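A structural walkthrough
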Amino acid sequence: MKPKQILSPKLDVVFQSIFGEVGSEDITKSFLENILNEHIDSVDLSRNPILRREFVNDKLGILDIVAKINDDYFCNIEMQCASKDEIIERILYYWARSYSNQLTAGKNYNLLHKSISILIADFTLKSLKDLPYHTSWKIIEENFRTTILTDKLQIHIIELPKILKLQNENDELLDWLFFLVNPKSARVVEKMKTNKALKQAIEKLEKISQDEKMQRIAELRLKAILDENSARYDGFKE
């Protein structure tokens, strides 16, 4: 029996259940391959908590996904619905934390591997207003802009509102992003016929949408996001 109401996959707790739980490796592998534009052999999701087995209150804390790619480097993925002024500083902090946590005291710096941070924002960033929906960032020499200092820092930012005018483009990453925006859209229903991982994501979304505990967690999470956005708006009025 299909649920009467499908939970929103762009709600961070739902997003984490779809892409962050052990058993979702094929889903997350396909999603990341399209974001990073590279082939991935394996994805390890064992470092993420299973939210449906833990108590989650109605405070808006930090929810992200840690994926180990090819048993080599780490990728941090955050789905963010609440607009934040300090979002760039936040994603830089996540990257720095992920990168530095690889090294314990007394270890050599050459043991540090590449670290990737991915932000999927359900809002547009003012500083990126004239850029495409998906931007990739590295450290590049400022004057000549031809040399990248290192491949160990990589940040991807995806702004969901920008994809709405691109729905006719033939782009598999857009298929995934439209799934986040509206999993019942005609585009997603059509694409799942040929995209096995996308079909698995839809089936998992339908399954967790029937979970009463998950429904309650999602309800509390949405309330927290709405409360935070409302508090920000009240602050602007003052």
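The following refers to the structure shown. (Residues numbered from 1 in each chain as written. Predicted model: local features only at pLDDT ≥ 70, side-chain atom pairs only at ≥ 80, totals over all residues. Heavy atoms only, no water.)

Quick look at the side chain of S30
The condition is simple: Numbered from the N terminus, helices here are DSSP runs of H or I no shorter than four residues, and strands are runs of E no shorter than two. Two residues qualify as a contact provided that any one of their heavy atoms is within 4.5 Å of a heavy atom in the partner residue.
Tracing the chain through its elements places S30 in helix α2 (residues 25-36). Ignoring anything within four residues of it in the chain, the contact list for S30 reads E172, W176, N195 and A197.

Describing the environment of L222
Assignment of secondary structure puts L222 in helix α7 (residues 212-237). Between the C-alpha atom of L222 and that of D12, which follows or precedes it by 210 residues, the distance is 9.1 Å.

Considerations on the nonpolar core
Selection rule: The set of buried Ala, Val, Leu, Ile, Met, Phe, Trp, Tyr and Cys residues whose side-chain atoms join them within 4.5 Å is what this entry labels a nonpolar core. Relative accessibility decides the category of a residue: with a 1.4 Å probe and only protein chains considered, values under 20% of the type maximum give buried, values over 50% give exposed, and everything between is partly exposed.
Counting 51 residues, the largest nonpolar core has V14, F19, F31, I120, L177 and F179 as the members making the most contacts within it. Among the secondary structure elements, those contributing two or more residues to this core are α1 (12-19), α2, β2 (65-69), β3 (73-80), β4 (115-121), α4 (172-181), α6 (196-209) and α7. Of all the elements, α4 adds the most residues to this core, at seven residues. Apart from the residues lying within four places of it in its own chain, the contact partners of F31 are F15, F19, I120, L173, W176, L177 and L180. If you look at the next biggest cluster of nonpolar residues, it comprises 13 residues, including W95, Y99, L125 and L128.

So, the pairing of β2
Looking along a regular strand, one sees side chains alternate from face to face of the sheet. Short version of the rule: DSSP-based pairing: two strands are paired if at least 2 bridges between them are found.
Within β2, four of the five residues are buried, leaving the element largely enclosed by the surrounding structure. Bridge count for β2 against β3 is five bridges, and the pairing is antiparallel. Bridging from a neighbouring strand, K68 pairs with F74 of β3. Remark: three residues form the turn of the hairpin made by β2 and β3, two consecutive strands paired antiparallel; N70 in that turn has positive phi of roughly 55°.

A word on the sheet that holds β2
In any sheet, the strands associate via hydrogen bonds between backbone groups, in a parallel or an antiparallel arrangement. Strand order across the open sheet formed by six strands is β1-β2-β3-β4-β6-β5, with mixed pairing between neighbours. This sheet does not close on itself; its edge strands, each paired only once, are β1 (43-44) and β5 (134-137). Alignment of β1 against β2, held across two bridges, turns out to be antiparallel. Following the sheet pairing, V43 is matched in β2 by I69.

Comments concerning α6
For clarity, the cut-off: A helix is expected to span 1.5 Å for every residue after the first. For this analysis, a polar contact is any N or O atom pair within 3.5 Å, provided that within protein one partner can donate a hydrogen and the other can accept it, and provided that sequence-adjacent residues contribute only side-chain to side-chain pairs.
For α6, which comprises 14 residues, the first-to-last C-alpha distance of 20 Å matches the rise-based estimate of 20 Å (1.5 Å per residue) to within 8%. One side-chain oxygen at the N-terminal end of α6 lies 3.2 Å from the backbone nitrogen of A197; it belongs to N195.

A word on α4
Taken across its ten residues, α4 has eight buried, putting it largely inside the fold. Those residues of α4 that sit buried are L173, L174, D175, W176, L177, F178, F179 and L180. A distance of 2.9 Å separates the backbone nitrogen of L173 from a side-chain oxygen at the start of α4, and that oxygen is part of D171.

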